[in-house]
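Examination of the molecular architecture
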Amino acid sequence: MNRFGVMGANDIVRSLKCIWISHMHADHHTGLASILALRCQLLKGTSQEKTFVIAPTQLKNFLDAHQCAEDLNMQFLYCGRTLDVEWEGFESYHKEPESLGELTEDFKIQQKLKKMLGEVGLEALISVPVIHCRDAFGLVLKAVERHNTDGKTIPGWKLVYSGDTRPCQKLKDESKEATVLIHEATFEDKMVDAAIAKNHSTTKNAIETGEGAYRVILTHFSQRYPKIPVFYETHMRERKTCIAFDNMSVNIADLPVLPKILPQLKLLFPKEGEDEDETEVEEFHDV
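Residues numbered from 1 in each chain as written. Predicted model: local features only at pLDDT ≥ 70, side-chain atom pairs only at ≥ 80, totals over all residues. Heavy atoms only, no water.

Some details on the nonpolar core
When a protein is soluble and globular, its nonpolar side chains tend to lie buried together. With 37 residues, the main nonpolar core has W20, I54, L113, L117, L125 and L218 as its most contacted residues. Counting only elements with at least two residues in this core, the list comes to β2 (51-55), α5 (105-119), β4 (122-129), β5 (137-143), α8 (203-209), β10 (215-219) and α9 (262-268). Excluding anything up to four places from it in sequence, L117 contacts W87, L122, A124 and L125. The next biggest cluster of nonpolar side chains, apart from the first, holds 13 residues, and it includes I19, L32, L72 and M74. (Core = buried A, V, L, I, M, F, W, Y, C linked by side-chain atoms within 4.5 Å. Buried < 20%, exposed > 50% of the residue type's maximum accessible area, 1.4 Å probe, protein only. Helix = DSSP H or I, 4+ residues; strand = E, 2+ residues; numbered from the N terminus. Contact = heavy atoms within 4.5 Å.)

Given below as structure tokens:
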């Protein structure tokens, strides 16, 4: 709303096709039902397709209960049905289309999801189990390769998103040769004990996970950093890491210069109260 205005935000809600939720902590899904209900209202009287909601199973019970009050027009799929092994099973199905009548409801939704991904230029959406709470996932999105007007092949990009997690080998493996890794960095490095206790990552953890990625964008900073998180130049020596901020958007074509904004961010958001005693701030998503 702050960035696009009311009309622009409504246009975005109307065009929603899929919403992916990483885990069941409130700061990651509160408001979902309201967004789905708003989409239904904005598209009232038109032929509207159901929105895909890919999330932990527990969220389906909440959404089903909400639909008793107002229509959400969504189709739900458990994140665990979008693991790489699940997609392999789905691809095998394509060789035997006559078995459609024997498919489970989840498989039918997978089929529709695969079709939708192709329509928006994506080759795959893969959920990755991570180390945070029960049924917590990261995400991998792969774009299809395409050809420009000169017939030149443009490789598809690969984006990896961590969700909330401790360092995770599976996520690190997926990040190898990724175009960009978006990784949580809830705590600064000297707070490693707090990161372990709450199953989060430090800045160093996040950067090490993205060693094989072209660019790393750090996000999900603790509320203890009201302006800019603490990071150290030694972590940025490869100049491939940047930090996220509200209303940030990144064009793929701008990734080569992305790390260059770090010095400017440090000037815009200077540290405050460096000599003051630090006070522990509880994370809302861990309550």
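Having put the structure on the table, let's press on.
Regarding the packing of helix α2 (residues 32-42) against helix α3 (residues 57-66)
Direction vectors running N to C along α2 and α3 enclose 45 degrees, while the axes themselves pass 11 Å from each other. When the interaxial angle is binned, α2 and α3 end up oblique. Crossing hand, α2 versus α3: right-handed. Where α2 approaches α3, its residues L32, A33 and L36 are matched on the opposing element by L59, F62, L63 and H66. (Axes fitted to C-alpha atoms, helices over the stretch in contact; angles between N-to-C directions. Parallel < 35°, antiparallel > 145°, perpendicular 65-115°, else oblique. Left-handed = near helix turned anticlockwise from the far one by under 90°.)

Quick notes on the side chain of H183
Of note, H183 is situated in strand β9 (residues 180-184). Each residue touching H183, except ones within four places of it in the same chain, is listed here: S162, T165, L171, S201, A206, T209, I217, L218 and T219.

A word on helix α1 (residues 5-14)
Among the residues of α1, G8, A9, N10 and V13 are the ones counted as buried. On the buried face of α1, the contacting elements are α2.

Let's talk about the sheet that holds strand β1 (residues 18-20)
Sheet architecture is open: three strands sit in the order β1-β2-β3, paired in parallel fashion. Every interior strand has two partners, whereas the edge strands, β1 and β3 (74-78), have only one. Going across the sheet, the axis of each strand differs from the next one's by a mean of 20 degrees, ignoring polarity. As judged from the three bridges shared by β1 and β2, these two strands associate in the parallel manner. Looking at the pairing, I19 lines up with V53 of β2. (Pairing = 2+ DSSP bridges.)

Considering the pattern of salt bridges
Pairs can form between side chains of opposite charge once their charged atoms are near each other. Counted by the stated rule, this structure contains 10 salt bridges. Note that D84 is salt-bridged to K170, the shortest N-O span being 3.2 Å. In this pair, D84 is assigned in helix α4 (residues 84-93) and K170 in helix α6 (residues 169-175), connecting sequence segments 86 residues apart. Residue classification places D84 among the partly exposed positions, given a relative accessible area of 27%. (Salt bridge = Lys/Arg side-chain N within 4 Å of Asp/Glu carboxyl O.)

Regarding the pairing of β4
Of all eight residues making up β4, six are buried, and the element is well covered by its neighbours. Of the strand pairs in this sheet, β4 and β5 are connected by seven bridges, and their pairing is antiparallel. Looking across to β5, one finds that A124 is bridged to K142.

Brief notes about the pairing of β3
The buried fraction of β3 is high, at four of five residues. Relative to β3, β2 is paired through five bridges, and the arrangement is parallel. Bridging from a neighbouring strand, V53 pairs with F76 of β3.

Some thoughts on the sheet that holds β4
Taken in spatial order, the six strands of this open sheet run β4-β5-β8-β9-β10-β11, and their pairing is mixed. Whereas interior strands pair on both sides, the edge strands pair on one side only; in this sheet they are β4 and β11 (241-243). Along the sheet, successive strands turn relative to each other by an average axial angle of 15 degrees, direction set aside. Relative to β11, β10 runs parallel, the two being bridged by three bridges. Following the sheet pairing, L218 is matched in β11 by I243.

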